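# Architecture and fold: a report
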Amino acid sequence: MKTLLKVAAALLAVLIIAVASFGVGVWFDRTIGVIGLAPYSESADLESAVSEVAGIIESQALVPSSEASMTAGAINGMIESLEDSHAVYFDAKHYEYFTEQTDGTFYGIGVTIANEGDDLVIQSVFEGTPAEEAGLKAKDVIVEIDGETRERWDTDEAVLRIRGEAGTQVTLGIRRDGAATLRDVTITRAKIEVPNVETELLEGNLGYIRLYSFSELADDDVREAIDELAAEGADGFILDLRDNPGGLLTASVDVASLFIQDGVIVRVEDRNGTIEEHRATGDMATDAPLVLLINGNSASASEIVGGALQDYDRATLVGEQSFGKGSVQQIEELSFGGAIKLTIAHYVTPKNRVIDKVGLTPDVKAEMEIELQADKATDTQLQRAIEELQKKL
């Protein structure tokens, strides 16, 4: 704890000195005249240096920071030094919300979000949720969360800030249709009752399964959907991973294993060059014809599944180039509460294709505005998937 506190002070000190030298020259000159400056040293011991600055802040700052805020600042400073856009610090409360995300329980406002370039964009708004009642729409850009902004919001951080206990409120600064002025939307959080899987029997014999995230229960949800649709007469399946941002690595392997009997699902390489192979579990649920739907928001675990299915010619991929997130993040719980998430490896497909910053190229390209997904009658990507599956039967 003390070490983290000290690092935060050091980071703050660097910023204070930089600002003072350019913006408050008179004050800075006076300080030099009174106390002088120690010789610059690149080899100064980190712990002793930040300890000194922490002591100055604690004893002289007009409004000293709390220990909790300085600790959080220290951790965030170290995270930022990684130049890892996926790295993030969760304090104890936000880490609790994160675990809700992976175990399938949700408390929040009822939207899905994804990065589009540097923007954080609402992808969909679930019916009957606080977000819908507040008037949020797909394609709204979230610029501020409770008055805070980022150069580029990390989706995990944004999710954790937007989620919270039922009955509490969050205020989002929304940019709609490129407007220069933000609109503040205050929303009361609630428990969001949204199933992780949506299913439907199409055309009398085509099983449609949409998976929204790779939570701990994802493979159980998909297996149950396969069994139910097969009992209703499904001869083939469409697995829809559009706008699925990913989730747990283990869940992606388990879901892919429902369609692939044997073989490598994904290879993960760490910073030392050590490669770990994750193989199919051997617990296949169906060998029926399969089509996979993807788009630009299909990322991470979705791309692991899609890459394996494509490499083994197990499914036809329909849609748009996927997001291209081929890195693996690990959650490390902290002894004093909370956790950090950071990138520890990257992955390749069974045929050693690199996904990071590249994505998956669909076998059948079908571009479409995301809003058209709301109605299956206008969902041209789904219609194309139906055509491709019918060719297989």
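Along each chain, residue indices are assigned from 1 in the same order as the chain's sequence is written. Local features in this predicted model are restricted to residues of pLDDT 70 or higher, and side-chain atom pairs are both shown and tallied only at a pLDDT of 80 or more, whereas totals for entire chains, interfaces and linings draw on every residue. Hydrogens and waters are ignored; side-chain quantities use all the structure's heavy atoms.

Secondary structure elements are defined from DSSP: runs of H or I of at least 4 residues count as helices, runs of E of at least 2 residues count as strands, and each element is numbered from the N terminus. Summing up its helical and strand segments, the chain has eleven helices and 19 strands in all. Between two residues, a contact is recorded if the distance between any of their heavy atoms is within 4.5 Å. In the chain, the proportion of contacts linking residues at least 24 apart, taken out of those at least 6 apart, comes to 68%. For the chain, the computed accessible surface area is about 19900 Å², with 50% contributed by carbon and sulfur atoms. Surface exposure here means Shrake-Rupley accessible area, sampled with a 1.4 Å probe, where a residue is shielded only by the protein chains that are shown.

What follows covers the environment of Leu-382. Positionally, Leu-382 belongs in helix α11 (residues 380-392). It is 8.5 Å that separates the C-alpha atoms of Leu-382 and Val-318, two residues lying 64 residues apart in sequence.

For side chains of opposite charge, pairing can occur when their charged atoms come near one another. Salt bridge, as applied in this entry: a Lys or Arg side-chain nitrogen positioned within 4 Å of an Asp or Glu carboxyl oxygen. Within the structure shown, the criterion is met by 22 salt bridges. For Lys-391, the salt bridge goes to Glu-388, with nearest N and O atoms at 3.1 Å. Of this pair, Lys-391 and Glu-388 both sit in helix α11, three residues apart, which is roughly one turn of the helix. One network of salt bridges, in which partners are shared, links Arg-210, Asp-240, Arg-242, Asp-243 and Asp-379.

This part covers the packing of aromatic side chains. Pairing of aromatic rings covers Phe, Tyr and Trp, the last counted by its six-membered ring, and requires centre-to-centre distances within 6.5 Å; plane angles under 30 degrees mean stacked, over 60 mean edge-to-face, and any other angle means tilted. Applying the stated rule across the entire model yields two aromatic pairs. Relative to Tyr-95, the ring of Phe-90 has its centre 6.4 Å away and its plane inclined at 15 degrees; by these criteria the two rings are stacked. In this scheme, a residue with accessible area under 20% of its type's maximum is buried, one over 50% is exposed, and one in between is partly exposed, where area comes from a 1.4 Å probe on protein chains only. Using a relative accessible area of 1% as the deciding quantity, one classes Phe-90 as buried. Judged by centre distance (6.0 Å) and plane angle (80 degrees), the ring pair of Phe-126 and Tyr-212 falls under edge-to-face. With Phe-126 in the loop between β4 (119-125) and α6 (130-134) and Tyr-212 in the loop between β11 (206-211) and α8 (218-231), this residue pair connects regions lying 86 residues apart in the sequence. We classify Tyr-212 as partly exposed; its relative accessible area is 23%.

Predicted coordinates in regions of low pLDDT should not be interpreted in detail. Chain-level pLDDT for the chain is 85 on average; 87% of the residues reach the 70-or-more range. Low pLDDT, under 50, characterises residues 1-37; the predicted model gives this stretch 44 contacts beyond four residues in sequence or across chains. The predictor attaches a confidence to each residue, and that confidence, scored 0 to 100, is pLDDT.

In this sheet, β11 lies alongside strand β10 (residues 197-202) in antiparallel orientation, the contact comprising six bridges. Bridged to Glu-200 within β11 is Tyr-208. In this structure, the hairpin formed by β10 and β11 is closed by a connection of three residues, where Glu-203 is found at a positive phi of approximately 55 degrees. If DSSP finds at least two bridges between two strands, the strands pair.

A few words on helix α9 (residues 249-256). When α9 is considered as a whole, its buried residues turn out to be Ala-251, Ser-252, Val-253, Val-255 and Ala-256. In this structure, the buried side of α9 is in contact with β11, α8, β13 (264-270), β14 (275-279) and α10 (301-311).

We now examine the side chain of Gln-310. Tracing the sequence through the fold places Gln-310 in helix α10. On the basis of relative accessibility, which here comes to 10%, the residue Gln-310 falls in the buried class. Throughout this description, a polar contact denotes any pair of N or O atoms lying within 3.5 Å of each other; where both atoms belong to protein, one of them has to be capable of donating a hydrogen while the other can accept it, and for residues adjacent in sequence the pair is counted only when both atoms sit in side chains. A polar contact is formed between the side chain of Gln-310 and the side chain of Arg-353, at a distance of 3.0 Å. The contacts of Gln-310, once residues within four sequence positions are left out, are Ala-315, Leu-317, Arg-353, Leu-360, Thr-361, Pro-362 and Asp-363.

Moving on, we come to helix α4 (residues 67-81). What a helix should span is 1.5 Å times the count of its residues minus one. The first and last C-alpha atoms of α4 sit 21 Å apart over 15 residues, in line with the 21 Å expected at 1.5 Å per residue. Every buried residue of α4 is listed here: Met-70, Thr-71, Ala-74, Ile-75, Gly-77 and Ile-79. Residue Glu-83 follows α4 closely and has a positive phi angle near 55 degrees.

This part covers the nonpolar core. Working definition of a nonpolar core: buried Ala, Val, Leu, Ile, Met, Phe, Trp, Tyr and Cys residues. They are joined through side-chain atoms within 4.5 Å. Formed by 40 residues in total, the largest nonpolar core has its most connected members in Ile-209, Leu-211, Phe-214, Phe-237, Phe-259, Ile-265 and Leu-309. Elements supplying a minimum of two residues to this core: β11, α8, β12 (236-240), α9, β13, β15 (290-294), α10 and β18 (339-348). Ile-113, Ala-131, Ile-162 and Leu-172 belong to the second largest nonpolar core, which has 18 residues in total.

Relative to the assigned elements, Ile-192 resides in the loop between β9 (190-191) and β10. Owing to a relative accessible area of 9%, Ile-192 belongs among the buried residues under this scheme. Expressed as a C-alpha distance, the spacing of Ile-192 and Tyr-107, which sit 85 residues apart in the sequence, is 5.6 Å. In contact with Ile-192, other than residues within four places in its own chain, are Phe-106, Gly-108, Ile-109, Gly-110, Thr-129 and Pro-130.

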